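What follows is each chain in one-letter form.
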Amino acid sequence: MKEILENENLKTHFITAMKQKKVSHAYILEGEKGSGKKTAACAFASLLQCERRGEEEPCGCCESCIMITNGSHPDVIRVHHEKQGVISVGEVREQIVNTVDVMPYKGPYKIYIIDEAEKMNPAAQNAILKTIEEPPSYVIIMLLTTNKGAFLPTILSRCILLNMKPISDKTIRKYLTEYGGISEETADFCTGFSMGNLGKAKAAAESEEFAEMRENAMSILRYLHEIQDYEIAEKVKILKKWKDSIDDYFDMMLIWFRDILIDKAIKNEQYLIFQSELTYIRKQSQQLSYEDINEIIREIGQTAKRIRANVNFDTSLEILHIDIKRRFFKENR
């Protein structure tokens, strides 16, 4: 269970269920992308399949534990899907429904881990429903999801719902610096950027592409109060390079204006995520009213939604940045 950082209630539930032999046949594990759902599911699988059964931690060195770590345990099945946007009824039948009656090969349980389970269409959910309602005694189904609301009520009512909680900044920063070998400056930023999501922090710290996007974001945000409209258009075109991960850019914008709001309210840099950008943050906080800052934050969220709905990328970003820029020149601060 040590692989699961913090989330003590989750670990306690797994350990108690194992010790009292009250393991459910179906779980929904909900948390945002990168929150550690797969790590938690695999840790639970290791606890249940470990050959030194009954301990609060899987041993990590028996054949079952090693096979689970390597992704090769025959009784821990990671359900995969071909299409990016949907898990089809055919995939559910082939990988789950048609195989549940085959007894476990090695361990006491046969555990199915379905990542991105919210992508199951209604037909796929109905196909798995009978297995959840009347499973063989050895079957455990774990549905990992970012959105439990995507499931049919009949699925929700038959599963134990568990939630991944955000991890503290202290734990994330320690993980990045001690285990990831990340510099303190980068770790500080990535910790704040992650908002309690270790997976997001790791991805940001280790990605050269993210570092490049961050530098481009800074070149816009630092000077947004004085940049010319034609320059905004040029910089938006550069941002198109990161179109598939543009949500990260929107997150940076939200953090930037969150820092401006904090600086305006309390003038204490220790609460800022962009601490190294204090000069620019402070200058902009003096030019924007509280109303403007709140309105900018709202507009960023609205623009992100429009782009997800396939509204024109360049136009949406240009309008957003030009509108933000013009707020710096309103009178009566």
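Reference entry: report on the structure contained in this document.

### Let's talk about the pairing of strand β3 (residues 110-114)
Summarising burial for β3: five of the five residues are buried, a large majority. Here β3 shows no split at all, with Lys110, Tyr112 and Ile114 on one side and Ile111 and Ile113 on the other all buried. Relative to β3, strand β2 (residues 76-79) is paired through four bridges, and the arrangement is parallel. Bridge pairing in β3 links Arg78 to Ile113. As for the winding sense of the linkage, the β-α-β connection from β2 through helix α4 (residues 89-97) to β3 is right-handed. Where β3 lies against strand β4 (residues 139-145), five bridges are found, and the strand directions are parallel. Bridging from a neighbouring strand, Lys110 pairs with Val139 of β4.

### Looking at the packing of aromatic side chains
A full pass over the atoms with the stated rule returns 11 aromatic pairs. Seen in terms of ring centroids, Phe14 and Phe44 are 4.0 Å apart; in terms of plane orientation they differ by 10°. Their pairing is stacked. Of this pair, Phe14 sits in helix α1 (residues 8-19) while Phe44 sits in helix α2 (residues 37-49); the two residues are 30 residues apart in sequence, bridging distant segments of the chain. The exposure classification of Phe14 matches that of Phe44, with both residues buried. Here the aromatic rings of Tyr27 and Phe44 are separated by 5.6 Å at their centres, their planes lie at 85°, and the arrangement is edge-to-face. Here Tyr27, found in strand β1 (residues 26-30), pairs with Phe44, found in helix α2; they are 17 residues apart in sequence, far enough to count as distant. Each member of the pair, Tyr27 as well as Phe44, carries the same accessibility label: buried. Taking NZ or CZ as reference, Arg214 lies 3.8 Å from the ring centre of Phe189, over its face. Lys264 extends its terminal NZ or CZ atom over the ring of Tyr290, reaching a point 5.6 Å from the ring centre.

### Comments concerning the packing of helix α12 (residues 246-266) against helix α13 (residues 278-287)
Orientation of α12 relative to α13, taken along the N-to-C sense of each, is 70°, at an axis distance of 9 Å. When the axes of α12 and α13 are compared, the pair comes out roughly perpendicular. The interaxial crossing formed by α12 with α13 has right-handed handedness. Along its contact with α12, which presents Trp256, Phe257, Asp259, Ile260, Asp263 and Lys264, the element α13 presents Leu278, Tyr280, Ile281, Arg282, Gln284 and Ser285.

### Some remarks on the sheet that holds β2
Ordered by their spatial adjacency, five strands build an open sheet running β2-β3-β4-β1-β5, and the pairing between neighbours is parallel. Each edge of the sheet is formed by a strand with only one pairing partner; in this case those strands are β2 and β5 (160-163). On average, adjacent strands in this sheet sit at an angle of 20° to one another, irrespective of strand direction. Of the strand pairs in this sheet, β1 and β5 are connected by four bridges, and their pairing is parallel. Pairing of Ile28 across the sheet is with Leu161, part of β5. Running over the sheet, α1 touches β1, β4 and β5 and is turned about 145° from β5.

### Considering the nonpolar core
With 51 residues, the main nonpolar core has Phe250 and Phe257 as its most contacted residues. When residues of this core are assigned to their parent elements, the largest contribution, 10 residues, is made by α12. Leaving out residues up to four positions away in the same chain, Phe250 has contacts with Ile300, Thr303, Ala304, Ile307, Leu317 and Leu320.

### Some remarks on helix α8 (residues 184-194)
Every buried residue of α8 is accounted for by Ala187, Phe189, Cys190, Thr191, Gly192, Phe193 and Ser194. Taken from the residues just after α8, Met195 is the one with a positive phi, measuring 55°.

### Some thoughts on the environment of Lys283
Its place among the elements puts Lys283 in helix α13. Considered as a pair, Lys283 and Ile77 are 206 residues apart in the sequence and their alpha carbons are 55 Å apart. Leave out the neighbours within four places in its chain, and Lys283 touches His225 and Glu226.

Conventions we followed
- Residues numbered from 1 in each chain as written.
- Predicted model: local features only at pLDDT ≥ 70, side-chain atom pairs only at ≥ 80, totals over all residues.
- Heavy atoms only, no water.
- Buried < 20%, exposed > 50% of the residue type's maximum accessible area, 1.4 Å probe, protein only.
- Helix = DSSP H or I, 4+ residues; strand = E, 2+ residues; numbered from the N terminus.
- Pairing = 2+ DSSP bridges.
- Right-handed = clockwise from strand over helix to strand, strands pointing away.
- Phe/Tyr/Trp six-rings, centres within 6.5 Å; stacked < 30°, edge-to-face > 60°.
- Lys NZ or Arg CZ within 6 Å of the ring centre and 35° of its normal.
- Axes fitted to C-alpha atoms, helices over the stretch in contact; angles between N-to-C directions.
- Parallel < 35°, antiparallel > 145°, perpendicular 65-115°, else oblique.
- Left-handed = near helix turned anticlockwise from the far one by under 90°.
- Contact = heavy atoms within 4.5 Å.
- Core = buried A, V, L, I, M, F, W, Y, C linked by side-chain atoms within 4.5 Å.

Read these as layout, nothing more, since geometry by itself doesn't imply function.
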